[in-house]
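Take a look at the letters that make up each chain.
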Protein chains: 2
Amino acid sequence: MPEQLPADSVGLVTPITQTFSEPLLLACGRTLPSYDLVYETYGELNAQASNAVLICHALSGHHHAAGYHSLDDRKPGWWDNYIGPGKAIDTNRFFVVSLNNLGGCHGSTGPVSIDPATGKVYGADFPLLRVRDWVSSQARLADHLGITQWAAVVGGSLGGMQAMRWALEYPERIRHCIVIASALNLTAQNIAFNETARRAITSDPDFHDGDYLAKGTYPKRGLALARMVGHITYLSDDGMDEKFGRELRAGSFVLGSDELVEFQIESYLRYQGDSFSGSFDANTYILMTRALDYFDLSREYNDNPVSAFSHSQCRFLVVSFSSDWRFSPQRSREIVDALITAGKPVSYAEIESKHGHDAFLVPDQRYRQVFSRYMNTIEV
Amino acid sequence: MPEQLPADSVGLVTPITQTFSEPLLLACGRTLPSYDLVYETYGELNAQASNAVLICHALSGHHHAAGYHSLDDRKPGWWDNYIGPGKAIDTNRFFVVSLNNLGGCHGSTGPVSIDPATGKVYGADFPLLRVRDWVSSQARLADHLGITQWAAVVGGSLGGMQAMRWALEYPERIRHCIVIASALNLTAQNIAFNETARRAITSDPDFHDGDYLAKGTYPKRGLALARMVGHITYLSDDGMDEKFGRELRAGSFVLGSDELVEFQIESYLRYQGDSFSGSFDANTYILMTRALDYFDLSREYNDNPVSAFSHSQCRFLVVSFSSDWRFSPQRSREIVDALITAGKPVSYAEIESKHGHDAFLVPDQRYRQVFSRYMNTIEV
């Protein structure tokens, strides 16, 4: 708990839940008859409604991106390093909207919600979503808030994919697209890690084909394992070595056997897995990783990203991190190359970092400078 | 089944089981009262017993490195590409010994064996082993075969660690040490992947703290998952993309939900996991990954690999592969640098390959040339 809230914090924030009663046709062909989206806002919408910034979250993210829910909170929102007064996304200038995506497990309609058609929890029957479904539902949230055009849509990782999809689906509704540590699609290796995570969940006997809530169980072991796999891919090899190395918990080898945890990295990973599995829904995790796998920006443009981006009308900032091997700088350069070839305005920065894919969340001077300066060029 | 055995095959081979009745004191402090080792030999031991080559296997390997067990075999031994008449390890010149390590599950004493003290299967009670224990037990096999000194000890990955340990523990018993796709120790990331694999096994309810055989169960799901994780790390990102890319099994998205397998890479990984889990012992997998984690060539030499190698008397060949990210070329260069600084004779080759860590098993012209030419310099 902070003694008092930091001066550069957006302060105390309260999530808002909005119900949308108009049915939403999804990419998979099914329709959600109605749905809730939970979101937070930071800063003030100006009179022309020209200063709105949408934050799109990544795999395990949610609407609480900045500030505190109460004075007892030990931690602020997940992107508090970059959202606040005077920060990169400066809430003195921008009206920031951050939502929990459809299919999430933090208040928006998802697998843990009640299906109005049956009166029971959706569970495994919740429809498969794609990034374009999130963009559609976000556009309705913009309508509701009176935002005709976003000053910027911003996202890291899976969030960057949403930002790019916005630029193609609603070219007239976005002035700046900010794509951080992302890619045009997943590699086979990315998909392989996701599939391993899903398999960890689905092969847990407590998963019950996704109907664990109805059965009164929970695939905690499977979800913890899934998170362990994911977590390794978020960090860099060098970063892990610097933080943990081959350090032993007991100082020397114990060489015991039962549930032996010899190395610091082992206990760290177990902790990460266990704490995540106590706070996240397994069906949501499967749904989010599927959305990642399916995302392929240029698939419907003959696999040509230049054709895809030719539909965009906004400016782009693309940022990558040197030690990110999940979405390496090479993957960001593919985005930049396609934008340049399509004749679209793009700025690109590759940030030196030891933090791997997680670098997009971590404080870093050059990243902050690049991000701030770009955001400051946005007219509101 | 080959119509007839290839001309460059060692042909039909028969494993031999040797019982060692003298107790073996292990690094963990426990003693194995007696044990079996199963091994194969290819070629003929010469009169001076100066042409013997020891093959050390990797994580999931075994004694069957070359040739066929019967004319019905669909595949030869795991390193048949490099062992045989006229091959890199030329059985016209060398007498090759390939064993299943202690703790294995292919015939040598291990967790699936009967503990003579209890009359029951060892299971989880089988002692934890370290690379030095394997080297000790291999030295006894050499004694039994009348081999005072190996012409070469050869291994890839975990096998390379055994070869290096031989050079330090029995410097007078090894003339050439051949270390392929290996490292002085594991990084935190390597350990993290191993820990995830172990956790997959131990969190399978059928694992029963390792006593699954006594309970009549088997942690098949956990072992399949462990293998999936491992398998991703054996391949390279580029290699996977070339082989699988984002190819869809059905040609287009199915967007179903139950146990959906959309991408080729998903079904490939599942197949690998399932087939492995039907043929490998879970306790052995845990034991082997632990031995990998513990291995640290220079730990007892003040973490100084130069001091460690100063004890060696043999020549070294070190080989790495460009796309191996499990044990990258950087890790092999650490070995080479330490050897040079210690004033030891070493040859080093970095082979261009898309096959990742698995490259040490795969046919490749330059690798074969380097390997063959080095082996041909060995006087017998």
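The name given to chain A in an unreviewed UniProt entry is Homoserine O-succinyltransferase, with Halioxenophilus aromaticivorans as the source organism. Under the UniProt heading Sequence similarities (unreviewed entry), the entry covering chain A gives this text: "Belongs to the AB hydrolase superfamily. MetX family."

This part is about the overall build of chain A. Scanning chain A for helices and strands turns up 11 helices and 14 strands. Computed over C-alpha atoms, the radius of gyration of chain A comes to 21 Å, within 12% of the 21 Å expected from 2.2 N^0.38 for 380 residues, which places it in the range of a compact globule. With the C-alpha coordinates aligned to their principal axes, the bounding extent of chain A is approximately 65 × 50 × 50 Å. A separation of at least 24 residues holds for 72% of the contacts in chain A among residues at least 6 apart in sequence. Approximately 14,100 Å² of chain A is accessible, and the part contributed by carbon and sulfur atoms is 47%. Between the centroid of the 33 positive side chains of chain A and the centroid of its 44 negative side chains there is a distance of 3 Å.

All names here are of chain B. Counting across every chain of the model gives 44 aromatic pairs over all chains. With a centroid separation of 6.3 Å and 75° between ring planes, the pair formed by tryptophan 79 and phenylalanine 360 is classed as edge-to-face. Separated by 281 residues along the polypeptide, tryptophan 79 in the loop between strand E5 (52–56) and strand E6 (83–84) and phenylalanine 360 in the loop between strand E14 (346–351) and helix H11 (365–376) bring together distant segments of the chain. Comparing tryptophan 79 with phenylalanine 360, the two get one shared label, buried.

So, about the relation of the copies chain A and chain B. Taken as rigid bodies, chain A and chain B are interconverted by a rotation of 180° and an axial shift of 0.0 Å, the fit giving an RMSD of 0.0 Å. Classification of the inter-copy transformation places it as that of a two-fold axis. Taken together, the interface assignments show that 100% of the residues at the interface of chain A recur at the interface of chain B, consistent with an identical surface on both copies.

A word on the pattern of salt bridges. Counted according to the given criterion, the structure contains 36 salt bridges over all chains. Salt-bridge contacts for A:Glu195 lead to A:Arg198; the nearest nitrogen and oxygen are separated by 3.4 Å. With A:Glu195 and A:Arg198 both in helix H3 (residues 188–202) and 3 residues apart, the pair spans about one turn of that helix. Accessibility expressed as a relative area gives 3% for A:Arg198, which makes it buried. A salt bridge links A:Asp293 to A:Arg198; its shortest N-O distance comes to 2.6 Å. Here A:Asp293, found in helix H8 (residues 282–294), pairs with A:Arg198, found in helix H3; they are 95 residues apart in sequence, far enough to count as distant. There is no split in this pair, since A:Asp293 and A:Arg198 are both buried. Several salt bridges converge on common partners, so that one network encompasses A:Glu195, A:Arg198, A:Arg290, A:Asp293, B:Glu266 and B:Arg270.

Listed per partner, the contact involves 58 residues of chain A and 58 residues of chain B. Between the two partners, chain A and chain B, sit 10 salt bridges. Across the pair B:Arg270 and A:Glu195 runs a salt bridge whose closest N-O atoms are separated by 2.5 Å. At the surface where chain A touches chain B, the tally comes to 22 residue pairs in polar contact (both at pLDDT 80 or more).

Feature annotation in UniProt assigns "site: Important for acyl-CoA specificity" (unreviewed entry) to the following positions: A:Arg326. Inspection of the secondary structure puts A:Arg326 in the loop between strand E13 (315–321) and helix H10 (329–341).

Let us now look at the side chain of A:Ser298. All names here are of chain A. Take serine 298: it is sitting in the loop between H8 and helix H9 (305–309). Of the residues examined, serine 298 reaches a relative accessible area of 5% and is grouped as buried. Among residues more than four places away in sequence, those in contact with serine 298 are Asp303, Asn304, Pro305 and Ala308.

On to the pairing of strand E8 (residues 95–99) of chain B, then. All names here are of chain B. For E8, the tally of buried residues reaches 5 of 5 residues, placing the bulk of the element in the interior. Neither face of E8 is exposed, since Phe95, Val97 and Leu99 on one face and Val96 and Ser98 on the opposite face are all buried. Sheet analysis places strand E4 (residues 35–42) next to E8, joined by 4 bridges and oriented antiparallel. Bridge pairing in E8 places threonine 41 opposite valine 97. Here E5 runs beside E8; their pairing, made up of 4 bridges, is parallel.

Before going further, it helps to spend a moment on the side chain of B:Ser203. Inspection of the secondary structure puts B:Ser203 in the loop between helix H3 (188–202) and helix H4 (212–215). Reaching out from B:Ser203, the side chain makes a polar contact with the backbone oxygen of B:Arg199 at a distance of 2.8 Å. In this view, B:Ser203 contacts A:Arg221 and A:Leu225; residues no more than four positions away in its chain are not counted.

All names here are of chain A. Packing of helix H1 (residues 131–145) against helix H2 (residues 158–169) leaves a shortest axis separation of 9 Å and a crossing angle of 70°. By the angle between their directions, the pair H1 and H2 is classed as roughly perpendicular. In terms of crossing hand, the pair formed by H1 and H2 is right-handed. Residues Val131, Arg132, Trp134, Val135, Gln138 and Ala139 of H1 pack against Leu158, Met161, Gln162, Arg165, Trp166 and Glu169 of H2. Of the residues in the contact of H1 with H2, the class split is 7 nonpolar, 2 polar and 3 charged.

Residues and elements named next belong to chain A. If you trace the 8 strands from one edge of the open sheet to the other, you get E1-E4-E8-E5-E11-E12-E13-E14, paired in mixed fashion. Across the chains shown, the open sheet's two edge strands, defined by having one partner strand only, are strand E1 (16–20) and strand E14 (346–351). Averaged over all neighbouring strand pairs, the angle between strand axes comes to 20°, with direction disregarded. As defined by bridge partners, strand E5 (residues 52–56) adjoins strand E11 (residues 152–156) across 4 bridges and the pair is classed as parallel. Note that in E11 the partner of cysteine 56 across the bridge is glycine 155. Set on the sheet, H2 makes contact with E5, E11, strand E12 (176–180) and E13; between it and E11 the angle comes to about 150°.

Attention now goes to the state of the cysteines. Residues and elements named next belong to chain A. The full count for this structure, using the stated rule, is 0 disulfides over all chains. We note that cysteine 28 lacks a disulfide partner, and the nearest cysteine sulfur, in cysteine 105, lies 19 Å from it. By relative accessible area, which is 22% here, cysteine 28 ends up partly exposed. Free cysteine: cysteine 314, not disulfide-bonded; nearest cysteine sulfur from cysteine 177 at 5.0 Å. Classification of cysteine 314 as buried rests on a relative accessible area of 2%.

Turning our attention to the packing of helix H5 (residues 220–234) of chain A against helix H7 (residues 264–277) of chain A. All names here are of chain A. Contact geometry of H5 with H7 gives a least axis separation of 8 Å together with a crossing angle of 125°. Between H5 and H7, the angle is such that the two are oblique. Crossing of H5 over H7 shows right-handed handedness. The residues of H7 that touch H5, namely those facing Lys220, Leu223, Ala224, Arg227, Met228, His231 and Ile232, are Tyr268, Leu269, Arg270, Gln272, Gly273, Asp274, Phe276 and Ser277. When grouped by side-chain class, the residues that make up the contact of H5 with H7 number 7 nonpolar, 4 polar and 4 charged.

What follows is about the sheet that holds strand E11 (residues 152–156) of chain B. Residues and elements named next belong to chain B. As summarised here, the arrangement of the 8 strands in space is E1-E4-E8-E5-E11-E12-E13-E14, forming an open sheet in which the pairing is mixed. The two strands at the open ends of the sheet, each matched to only one other strand, are strand E1 (16–20) and E14. In this sheet, adjacent strand axes meet at a mean angle of 20° when their direction is disregarded. Sitting on the sheet, helix H1 (residues 131–145) touches E1, E4, E5 and E8, and the angle it makes with E4 is about 60°.

Conventions and cut-offs
Residues numbered from 1 in each chain as written. Chains lettered and ligands numbered in written order. Predicted model: local features only at pLDDT ≥ 70, side-chain atom pairs only at ≥ 80, totals over all residues. Heavy atoms only, no water. UniProt positions renumbered as here; feature names shortened; annotations may be inferred. Helix = DSSP H or I, 4+ residues; strand = E, 2+ residues; numbered from the N terminus. Rg over C-alpha atoms; globule rule 2.2 N^0.38 Å. Contact = heavy atoms within 4.5 Å. Areas by Shrake-Rupley, 256 points an atom, 1.4 Å probe, with all protein chains shown as cover. Lys, Arg positive; Asp, Glu negative; His and termini not counted. Charge placed at Lys NZ, Arg CZ, Asp CG, Glu CD. Phe/Tyr/Trp six-rings, centres within 6.5 Å; stacked < 30°, edge-to-face > 60°. Buried < 20%, exposed > 50% of the residue type's maximum accessible area, 1.4 Å probe, protein only. Least-squares fit on C-alpha atoms with pLDDT ≥ 70 in both. Salt bridge = Lys/Arg side-chain N within 4 Å of Asp/Glu carboxyl O. Polar contact = N/O pair within 3.5 Å; in protein donor to acceptor, adjacent residues only side chain to side chain. Pairing = 2+ DSSP bridges. Axes fitted to C-alpha atoms, helices over the stretch in contact; angles between N-to-C directions. Parallel < 35°, antiparallel > 145°, perpendicular 65-115°, else oblique. Left-handed = near helix turned anticlockwise from the far one by under 90°. Nonpolar A, V, L, I, M, F, W, Y, C, P; charged D, E, K, R; others polar. Disulfide = S-S within 2.5 Å.

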